[in-house]
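# A structural walkthrough
This is what each chain is made of:
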Amino acid sequence: MKPSRVPLYTTLAVLAFLYLPIVVMTVQSFNAARYGGEWKGFTFSWYAKLFEDRSIWSATRNTLVVAISCTAVSTIIGSLAAWVLHRYRTRLQRLHYLVTYAPLVVPDILMGISLLLFYVNLKILLGLGTVILAHVTFCISYVAFVVLGRLQDFDYSLVEAAQDLGAGWGRIVFRVLLPVLGPGILAGAMLAFTLSVDDFVITFFVAGPGSSTLPVHIYSMIKHGSTTVINALSVLFMTVTFAVVVISQFFSRNRPVH
Amino acid sequence: MITRLGRWVLSRLRRFLPEWLLTAPSLLWLLLFFVIPSLLVFTVAFRPPDPYGRIGEGWTLDTLARLMQPSYPAILWRTLRVSMVTTLVCLVMAVPAGYWLARQPASRRHWTLLLVILPFWTNFLIRIFAWRTVLHPEGFLQTSLVKLGILSSNASLLYNEGAVLVVLIYTYLPFAIMPVYAAAERFDFQLLDAAQDLGATRFQAFVRVFLPSIQIGLLTATLMVFIPALGSYAIPDLVGGPSSEMVGNKIAQRVFTDRNLPHASGLSALLALAVILPMVIAMVVRSRHPDKVPVEREKGGPREGGAQG
Amino acid sequence: MESILEIKTVNKAFGAQRVVRDVSLSVKRGEVFSLLGPSGCGKTTLLRMIAGFERPDSGSILLDGTDVAQLPPNRRQVNTVFQNYALFPHLSVADNIAFGLRAEGKPKIEIQEEVHRMLDLIRMHEHAHKKPSQISGGQKQRVAIARALIKKPKILLLDEPLAALDLKLRQHMLLELDRIHDEVGITFIYVTHDQDEAMSLSDHIAIMNEGVIEQLGTPAEVYELPKSRFVAEFIGDTNLFPGKVASVEGSDYCHLEVPGLGKILAYQDRPVAPGENVTLSLRPEKFNLSREKPTVPSIQNLLPGVVDTIIYMGSETRYVVRCGEFKLNVLRQHNRCLLEEKPITWEDSVWLTWHADDGNILQSTNGTPATTPNADSAP
């Protein structure tokens, strides 16, 4: 029986749809014409302009500060959460699970506005600190579920074997748990980092003056019409992300699976 | 008596302390920064605004009264409609694509899958901006369509509901494909052989065997697209016009333009209710095990009652 | 009996790999026909071509006289019981059974009656409303059979139907399959890699290897008179004696010179000539084992040996006996209580005898080298 062609053609259409804007934008970033109705010659001038823009550099710095601190905190808290969720089956953990799961399904805008109301109520000044707190909050859940996914395959008898061989909890954590769960925790950390760098809506609500991250900065550039360098900025941004994703995929493929 | 109680407390402590200590960081963090703020959304709606853009003292029903004005139900309805259309289109595209991906040999599947999710890893705003470039009045799409005579030169591809839909679909399509693919990957394709062996056509086999088998994937895909679509703000803000505003835009306007936090809070509470409803439905459906969901129901008539006798 | 299925020089290749090569066979109406072979021998591909999931590259498949080789599976009057049952997980037992008739658009009353009849046949009325995940492996098996039989196929194809079951259940299901076959009288084509299943169930067995049918015959024929070394070794245990024809004795017998063992007398199934390289196959149970040297007629072979290993298995005992440069597998059934005898033990000197008629000279097709001793009987 010959397989149907419909699935193949749909997939090709989906891929074309997904890559059309990316290709257009990349071409446009080298186009001397502003809006790309026509090709007015190849140019690097948008990239040159981009590097002269100091506000972009400060937004990039903010983004990295937020992403790194958020990744560090949320990876630790999230991994711990995954461990207790996996290890204990109590009523407390059922509540814990619900509270950890909910941030994954609540729309960003609700999370943004509710945190804003929270800060305003407590009269906390908006700044980089409030952004980091917000990012940690949604990253904990993502890290927890990524690590929890890896824990499904984790054989608890490894811990019992280590205890049987006389290891204390310190040794168990550093010699057994971390090496075995390392790839899962790393995957969670990478997801947290990417989500933090990527987040716009929540950050937009809780960022104060001077604490703009790159996405917030891009938004205000689009809004205020200074769009000429965004194509170039986007292509750079994209190249870095694609490279990181492809490289991490490549490594995760060659790494022995636990 | 005291010592007995003390011993009991001690034994409970020894038993539960490790769990409590390990649970505390994440649970307390989420209670403080997620649960309490979420509840605030519902209470602040009953506070008056203050002239400095903060939250005033006392309680009031003003916000609630203003939400009854006819323009709000219209926006809420548009939000629902746009989200439903987005979800539907995403599912229609995701089912064949997920099917195709799941049937690829394992060696190729890895890279085709990566190809599908790669655009999702680009920044959200960059994707929106890319679509603005594509749909721009002076961009290549509009100029070529005008040249071909398909579009009049004063028509606009941008700043309308169509543009909002295209970008919403673009943004959430990977979220629909992944769960459908995950369900299709667990599907035993031999069942399609079995259905054809029993006389079903290819289309009958697809509808009566494949679709019911991936229903959990379809449900997840629906939630993953529908719920964030309901809360869209940046997409209608950047590619939509005044006639395609969604609830998210109104919330942001109240916060950043009018500086009326109680009003924003009331709108958010409304949105939260709209989000909770489909989730409750999904939870009810899912809590009944897929085994118990009667899928092949004949219209009217007894369900093979004779066979069960 | 007329044949219901005729397969004529069917070929199938996947890429450069020829999975089925020039296979021809015919299946009689109402019989159980087994395709037996190791995994990758092409038996499943052949079955899938009969079912319609694969199209042959060349050759014809005649079902009741009409060529169906190019028809899709839903237009052939042939139904399949899949290896892992392939029951639809979202449908109840009754709905699974009804699936085929619903696809045809049969009236509801008729479907109900037929499903009822099938539940009778497989004795599963009390489970009719359960989902496949709620019933046992053996029950799934029966549902899969009923689901296929309800279509009243001309042939029921069974693809390793018992492979997923444990031993006890497998034996039970064999009896059950036999009963169902007797009751419905439909032709079964049974694919398996398990010789016991094939032997106990079939009227005819085709033994496949590397895409070719090595031998086709009744269970007794393929066991007692294997044509090739592959068949001899695949069905049951055997001892292989590679040797050279030393002399021909009359029209029925010949003497073989087996290096490392000596001269043995063998029945010649086909005419052989002195000097020809041949291999003799001798089943372990054909030996007679005794401690004292027996007096035997000249038609029997007699060899001295030493017991190397003893494996007691309850109903029988396996011995490995060193004999010249060979280690022979000998099987001895316990017709009498073993404990009463003075048992044969390790390193005992024993005598092996067997009737010349019990050995079978293989037809060394495709020039099976008769000089390399097989691993089992090698020195």
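All figures in this text were calculated on a predicted structure; none of them were measured in a lab. (Residues numbered from 1 in each chain as written. Chains lettered and ligands numbered in written order. Predicted model: local features only at pLDDT ≥ 70, side-chain atom pairs only at ≥ 80, totals over all residues. Heavy atoms only, no water.)

### Remarks on the overall build of chain C
Just so we agree on the cut-off: Runs of E in the DSSP output that reach at least two residues are strands. Runs of H or I that reach at least four are helices, and both are numbered from the N terminus. Think of it in three bands: residues with accessible area under 20% of the maximum for their type are buried, residues over 50% are exposed, and the middle band is partly exposed, with areas taken using a 1.4 Å probe on protein chains only. Between two residues, a contact is recorded if the distance between any of their heavy atoms is within 4.5 Å. Here the open area of atoms and residues is found with the Shrake-Rupley method and a 1.4 Å probe, where only the protein chains shown may cover a residue.
From N to C terminus, chain C includes eight helices and 20 strands. Viewed in the frame of its principal axes, chain C has a C-alpha envelope of about 75 × 50 × 35 Å. Counting over 379 residues, chain C shows a buried share of 53%. Expressed as a percentage of contacts within chain C between residues at least 6 apart in sequence, the contacts between residues at least 24 apart total 66%. Accessible surface, chain C: about 16,400 Å² in total, of which carbon and sulfur atoms supply 50%.

### Some details on empty space enclosed by the protein
Residue and element names in this part refer to chain C. Quick note on the threshold: In this analysis a 1.4 Å probe is tested at points of a 1 Å grid over the protein atoms alone, and where it fits but cannot get out there is a cavity; an open set with protein on both sides within 12 Å along at least five of seven lines is a pocket; lining residues have an atom within 4 Å of a point. Grid points are joined across faces, edges and corners, and a volume is the space filled by probe spheres set on the points. For this classification, the nonpolar set comprises Ala, Val, Leu, Ile, Met, Phe, Trp, Tyr, Cys and Pro, the charged set comprises Asp, Glu, Lys and Arg, and every other residue, Gly included, is treated as polar. Those domain boundaries reflect an automatic or database domain assignment.
Under the counting rule described, the total for this entry stands at two cavities of 30 Å³ or more. Approximately 30 Å³ is the volume found for the second largest cavity. Around the second largest cavity, the lining residues are Y223, E224, P226, S281, R283, D358 and N360. Class assignment of the residues belonging to the lining of the second largest cavity gives a composition of two nonpolar, two polar and three charged. Split by domain, the lining of the second largest cavity shows at least three residues from each of two domains, domain 1 (3–229) and domain 2 (237–364).

### Side note on the sheet that holds strand β1 (residues 3–14) of chain C
Residue and element names in this part refer to chain C. What counts here: What makes two strands pair is DSSP finding at least two bridges between them.
Taken in spatial order, the four strands line up as β2-β1-β4-β5 in an open sheet, and their pairing is antiparallel. Each edge of the open sheet carries a strand with a single partner, namely β2 (17–28) and β5 (66–67). Pairing of strand β4 (residues 58–63) with β5, which is carried by two bridges, proceeds in the antiparallel orientation. Each bridged residue has a counterpart across the sheet, and for L63 the counterpart in β5 is T66.

### Concerning the sheet that holds strand β8 (residues 187–192) of chain C
All names here are of chain C. Filter applied, for reference: Whenever a helix is involved, its axis is fitted only over the stretch in contact; in every case the axis is a line through C-alpha atoms, and angles between N-to-C directions fall within 0 to 180 degrees.
Pairing is mixed in the open sheet, where six strands are placed in the order β6-β7-β8-β3-β9-β10. Unpaired on one side and paired on the other, β6 (78–81) and β10 (212–217) mark the two borders of the sheet. Mean inter-strand twist for the sheet, computed between neighbouring axes without regard to direction, equals 20°. With four bridges connecting them, strand β3 (residues 32–36) and strand β9 (residues 204–209) associate as parallel partners. Paired with L36 across the two strands is I207, which belongs to β9.

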